[in-house]
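Geometric and topological summary
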Amino acid sequence: MSSYIGKFKYEIYLILVSLFALIVHIHLASTLNLGNDEAHYYVWSLKPSLGYLDDAPLVGWIIYAFTWLFGKSQLSVRLGAVVFSFLDGFLVYYLSYILFRNKRAAFFSFLFFLSAVIFGIVLSVMILPDAPLLFFTLLFFIFFYKAVEEKADRGEEIVKQERKNETDILTPLLKRRGVGRRPTGRFFWLLAGISLGFAFLSKYTAALIPPAVLLYLLVSKRNRHFLKTVYPYMALASALIVFSPVIYWNYTHNFISFKFQLSHGFSHPKPGFPLLAAGWFGQVLVITPLIYLFLIGAFVYSLKKVPFLLRRGVGRRPTGRSSDGWFDYREPLLFSVCLSLPVLLFFLANGYSHRILVHWPDIGYLAAFPIMGYAADLLTRKLSYRILKYCVYFALFSGFFLSYILYNQIYYNSIPVGKIIRYIDREKRLKKGGAFSFIPHIPGKPSTADITNDLFGWRHSAKYIGIVYKGYKAVCSPLFILTHHYAIADELVYYGGYKPAVNIYNISGFLNQYDLWQNLDKINGENALFIMDNKYMLNPVKKYAPYFKSIKKIGRLDIYVKLRPVRTYYLYLMKDFNAKKAIKHLKVESRMY
């Protein structure tokens, strides 16, 4: 029994840690209000479609499925993210194992994945397109590597089996019946293509995966010959078939979603080093600083080995020790580097001229975790690397500790973010230089800079706004709710029970999903209760004066959670909406109706 446990001890550790993380994620998913993006994807699920303006549709379909099965709740909306993240840990472990054939290294890879704040806390709880994207990208990596390594892995096995079959009279009969056959390379290519297709359905950034795959096949001497076969193209074709509903939807909508994403992801009014520094600093924070440094070290180690592989050829020589014996570890290093580093460098370079959100490069880290696990295993095994050994453990500890700090910040607001930003801004103004000048500007006002506030207070907000809405509807009917930002509308839809493009509308300065749903002619002549919060501020009188006969401010609503202010609303009553003027003005602004 003890030998059996010893043989599978890392799998036992993996299950235990994953179950503990699952409990934490369920608690977070159950108790936190939906974030702005999460509420937006919930609204998608109310109107199932083959495509949406903002991104690929799979996240909306997933929310629809779980809320249909388990009813409407914060947990059921987020259950897809929780389930996918639970499975992601096992996939990271398995990917690392099939690459380096070392269970200890695979377990290190899993720990690095879980200790990075963006993967262990944020994307494990929040239902974003990245939740299915990470899962299907990992599946693609696994199936793709099995496909390209199938021939190499089976070479010696086939020779041994053929010698054995010479005296085995049952083998021909069993082969005819298909008994004992392993999946073929073609089967793995097909599974890889299907997984890639679902990654496309999850998020458009999956389009960066095929170029990375092409790079690997070009530089790998062992697997370059696959480019002369039908298999990679068959996989890509199957991926496009899975993705075809989105292509069809875009075709029928003038490719509006593709155009929107290109303009959204590749535009910023002020390019330059401060923008690059802000984007890069965000990456360091969400991966956590010490883990990010270890990642850079793992890449440096890998890049030293890869040129040697490219010069010396592809022979399988005993160059590395694994749990299963000797193997050539350089090809897995090449695989991981090609599928991770180009994606990360793309976002890093693009960050100089475009705003990059912290979760956009997430698929670039997935293939890097196996390298980190392999390097951590090497450093912690050798006594001569004792200092580096402790650095590995401390990096992992720092990641989990920062996750705890974030957990504490969410519920107890232990870090006064607003006060810190005010102090930094004051020092930057007074000293006109020095160390504070190198700190990138944190967007937003000090009162709204703590993004954890977005996870509280929406239920109370919808309750009180509903009371105001019912009161004014009784005397100003017909009355609809109007917002200038889709995030406010989405939260009110979930927590207030309003219906998009029925009794809640969004007219803003930029194109969004509501513009594809709503028909402003339906509300011509009606009155509106305009809702604005302190995060998204504008002058409603100036903005909406051409559309209404009169606009009057009727009040302010302050929302507190545990005596902590989290949000302030400003309410306006707008009378007699002129749909014709509004549509004409919005068309001049190149809006689509």
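The shown structure was predicted, so the numbers you read here are calculated from the model rather than taken from an experiment.

1. Things to note about helix α4 (residues 58–70)
Taking 1.5 Å per residue, 13 residues should reach 18 Å; α4 reaches 18 Å between its end C-alpha atoms and fits that length. Every buried residue of α4 is accounted for by L58, V59, G60, I62, I63, F66 and T67. G71, located one to two residues past α4, shows a positive phi value of around 85°.

2. Describing the confidence of the model for the protein
For the protein, mean pLDDT is 84; residues scoring 70 or higher make up 81% of the total. Contacts from residues 176–180, a stretch scored under 50 in pLDDT, to residues over four places away or in other chains number two contacts. Low pLDDT, under 50, characterises residues 312–318; the predicted model gives this stretch 17 contacts beyond four residues in sequence or across chains.

3. Some remarks on the sheet that holds strand β4 (residues 504–506)
Sheet architecture is open: five strands sit in the order β4-β3-β5-β7-β6, paired in mixed fashion. Only two strands of the sheet have a single neighbouring strand rather than two, namely β4 and β6 (548–561). Geometrically, the sheet is characterised by an average inter-axis angle of 25° between neighbouring strands, direction not taken into account. Where strand β3 (residues 479–483) lies against strand β5 (residues 527–533), five bridges are found, and the strand directions are parallel. Residue F480 lies in a different strand from β5, and its bridge partner there is A528.

4. A word on empty space enclosed by the protein
Counted by the stated rule, this structure contains five cavities of 30 Å³ or more. A volume near 90 Å³ is recorded for the largest cavity. In terms of lining, the largest cavity is formed by 14 residues, of which the most central are A21, H25, S85, F86 and L114. When contributions to the lining of the largest cavity are tallied by element, the ones reaching two or more residues are α2 (9–31), α5 (74–100), α6 (103–115) and α7 (117–122). Tallied by class, the residues present in the lining of the largest cavity amount to eight nonpolar, six polar and no charged.

5. A short note on the nonpolar core
Formed by 154 residues in total, the largest nonpolar core has its most connected members in F112, F119, F144, L492 and I531. It is helix α8 (residues 130–165) that provides the largest number of residues to this core, a total of 15 residues. The contact partners of F144, leaving out residues within four places of it in the chain, are W189, A192, V213, Y216, L217, F335 and L339.

6. Details of the pairing of β6
Summarising the sheet, β6 and strand β7 (residues 564–577) pair through 12 bridges and their orientation is antiparallel. Bridge assignment links I559 to a residue of β7, and that residue is R567. Hairpin geometry of β6 and β7 is characterised by an intervening segment of two residues between the two adjacent antiparallel strands and by a positive phi of about 55° at K562.

Rules used in this analysis
- Residues numbered from 1 in each chain as written.
- Predicted model: local features only at pLDDT ≥ 70, side-chain atom pairs only at ≥ 80, totals over all residues.
- Heavy atoms only, no water.
- Helix = DSSP H or I, 4+ residues; strand = E, 2+ residues; numbered from the N terminus.
- Expected span 1.5 Å × (residues − 1).
- Buried < 20%, exposed > 50% of the residue type's maximum accessible area, 1.4 Å probe, protein only.
- pLDDT = per-residue confidence, 0-100.
- Contact = heavy atoms within 4.5 Å.
- Pairing = 2+ DSSP bridges.
- Axes fitted to C-alpha atoms, helices over the stretch in contact; angles between N-to-C directions.
- 1 Å grid on protein atoms, 1.4 Å probe; cavity = no way out; pocket = protein on both sides within 12 Å on 5 of 7 lines; lining within 4 Å.
- Points joined across faces, edges and corners; volume = space filled by probe spheres on them.
- Nonpolar A, V, L, I, M, F, W, Y, C, P; charged D, E, K, R; others polar.
- Core = buried A, V, L, I, M, F, W, Y, C linked by side-chain atoms within 4.5 Å.

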